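Results of the structural survey
The lines below spell out each chain.
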Amino acid sequence: MSAPLIPSITALILLSSDGSRLSSKYYSQFMLHPNGPNSPETLALRTAFEKQLHKKSRGKNGEIEILTIDSTTACYVQTSDLKIFLTSPSTESELVLSYVLEGFYSALQMVLHNQVDKRTVLDNLELLMLLIDELSDGGRILETNPQNLAERVLMKQPGEAGEGTPIGELTIGQAFNQIAGQAREQIIANMQN
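This one's a predicted model, so the numbers in the text were calculated from it and none came from an experiment.

1. Remarks on the pairing of strand β3 (residues 65-69)
Relative to strand β4 (residues 72-78), β3 is paired through five bridges, and the arrangement is antiparallel. Its bridge partner lying in β4, threonine 68 is registered against threonine 73. Between the end of β3 and the start of β4, which pair antiparallel, lie two residues, with aspartate 70 showing a positive phi angle near 55°.

Structural data, given as C-alpha cells:
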C-alpha cells in the first residue's frame with residue numbers, strides 16, 4: 001500500500017533577524033538525535049540547522065523564497081525583524097510548500113492584525129502556537145486557507161466580526177490588550193474632563 005498524497009512538513013521555525021530562535025516546532029524524526037528530543041545533542045543539531053537556515057536566507061520582506069540544505073527543502077518569508085521557515089524533505093513539491101507557507105503567513109497577518117514582527121509575535125505566542133496546531137498535525141498539512149486558519153485560532157464562526165467578543169472567550173494576551181486599551185481610553189477621557 002502506498003503512502004497517502006498528503007503534503008507534510010518536517011519543521012516550522014521562527015527566527016529573529018539575528019538568527020536566534022523565537023519559536024520552533026519539529027515533526028517526526030527530523031533533526032532528532034538518538035538520545036531523544038530533549039537531549040543536548042538534539043538541541044545542538046537543531047540550533048546548527050537553524051544557523052544554516054539563517055545564514056542562507058537573504059530574501060526581500062514579504063516575498064516567499066526557497067532554499068535547499070542537504071536533503072531538506074526550506075521555504076521562508078521574512079519581515080523587518082522576523083524570518084518564518086517551513087521545511088520538508090526534498091521530495092516534497094516546492095510549489096506546495098510555498099503555498100502552505102503563504103497560507104500560514106497570511107493567517108498570521110490576520111491573527112496579528114498585520115503586525116507580524118518580533119515583539120508582536122512574542123506578545124501573542126499562544127496565538128502562534130494555536131495557528132501552528134491548526135496548520136498541521138504531526139507534520140501533515142490540515143488546512144492552508146488563511147481565513148479558515150485565522151477563524152479557528154480566534155474561535156470565530158466564518159465571517160464573524162472580531163469586535164465585541166466577550167472577555168471570557170479571549171486568550172490571555174487578547175484579554176490583557178483589551179483591558180489595557182479600555183484603561184487607556186478611560187484615562188484619556190478623564191484627563192479631557
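Having put the structure on the table, let's press on.
2. Regarding helix α4 (residues 125-135)
Residues Leu127, Leu128, Leu131, Ile132 and Leu135 constitute the buried set of α4. Along α4, the residues classed as buried sweep out an arc of 140° about the axis, all on the same side.

3. Some words on the nonpolar core
Of all hydrophobic cores here, the largest spans 31 residues; its most connected members are Leu14, Ile84, Phe104 and Leu108. When contributions to this core are tallied by element, the ones reaching two or more residues are β1 (11-16), β4, β5 (82-89), α2 (94-111), α4 and α5 (146-153). Counting residues per element, this core draws most heavily on α2, which supplies eight residues. In contact with phenylalanine 104, other than residues within four places in its own chain, are Leu12, Ile84, Leu128, Leu131, Ile132 and Leu135. By size, the runner-up hydrophobic cluster in this structure holds 12 residues, among which are Ile13, Tyr26, Tyr76 and Phe85.

4. Remarks on the sheet that holds β1
Ordered in space as β2-β1-β5-β4-β3, the five strands form an open sheet in which the pairing is antiparallel. Looking at which strands have only one partner, the edges of the open sheet turn out to be β2 (21-26) and β3. Taking the axes of each pair of neighbouring strands and ignoring which way they run, one obtains an average angle of 20° across the sheet. Sitting on the sheet, α2 touches β1, β3, β4 and β5, and the angle it makes with β4 is about 30°. Relative to the sheet, α4 contacts β1 and β2, its axis offset from that of β2 by approximately 25°.

5. Section: the side chain of threonine 87
Locating threonine 87 in the fold gives a position in strand β5. Using a relative accessible area of 0% as the deciding quantity, one classes threonine 87 as buried. For threonine 87, the side chain forms a polar contact with the side chain of threonine 10, separated by 2.7 Å. Apart from the residues within four sequence positions on either side, threonine 87 is in contact with Ile9, Thr10, Ala11, Phe30, Phe49, Leu53, Thr72, Thr73 and Ala74.

6. Section: the side chain of threonine 72
Within the element layout of this structure, threonine 72 appears in strand β4. The exposure class of threonine 72 is buried, given its relative accessible area of 8%. Beyond its immediate chain neighbours, meaning those up to four positions away, threonine 72 contacts Phe30, Phe49, Leu67, Thr87, Ser88 and Ser90.

7. Details of the packing of aromatic side chains
Taken as a whole, this structure holds three aromatic pairs when the rule is applied. Between tyrosine 26 and phenylalanine 30 the ring centres are 6.1 Å apart and the planes differ by 25°, which places this aromatic pair in the stacked class. Considered together, tyrosine 26 and phenylalanine 30 belong to a single accessibility category, that of buried residues. Centroid distance tyrosine 76 to phenylalanine 85: 5.3 Å. Interplanar angle 35°. Geometry classified as tilted. Pair check on accessibility: tyrosine 76 and phenylalanine 85 agree, each one buried. Each member of the aromatic cluster is reached from another via a ring pair, and the members are Tyr26, Phe30 and Phe49.

The rules we used
- Residues numbered from 1 in each chain as written.
- Predicted model: local features only at pLDDT ≥ 70, side-chain atom pairs only at ≥ 80, totals over all residues.
- Heavy atoms only, no water.
- Pairing = 2+ DSSP bridges.
- Helix = DSSP H or I, 4+ residues; strand = E, 2+ residues; numbered from the N terminus.
- Buried < 20%, exposed > 50% of the residue type's maximum accessible area, 1.4 Å probe, protein only.
- Arc of directions from axis to C-beta.
- Core = buried A, V, L, I, M, F, W, Y, C linked by side-chain atoms within 4.5 Å.
- Contact = heavy atoms within 4.5 Å.
- Axes fitted to C-alpha atoms, helices over the stretch in contact; angles between N-to-C directions.
- Polar contact = N/O pair within 3.5 Å; in protein donor to acceptor, adjacent residues only side chain to side chain.
- Phe/Tyr/Trp six-rings, centres within 6.5 Å; stacked < 30°, edge-to-face > 60°.

Everything listed here is a matter of geometry and, on its own, says nothing about what the molecule does.
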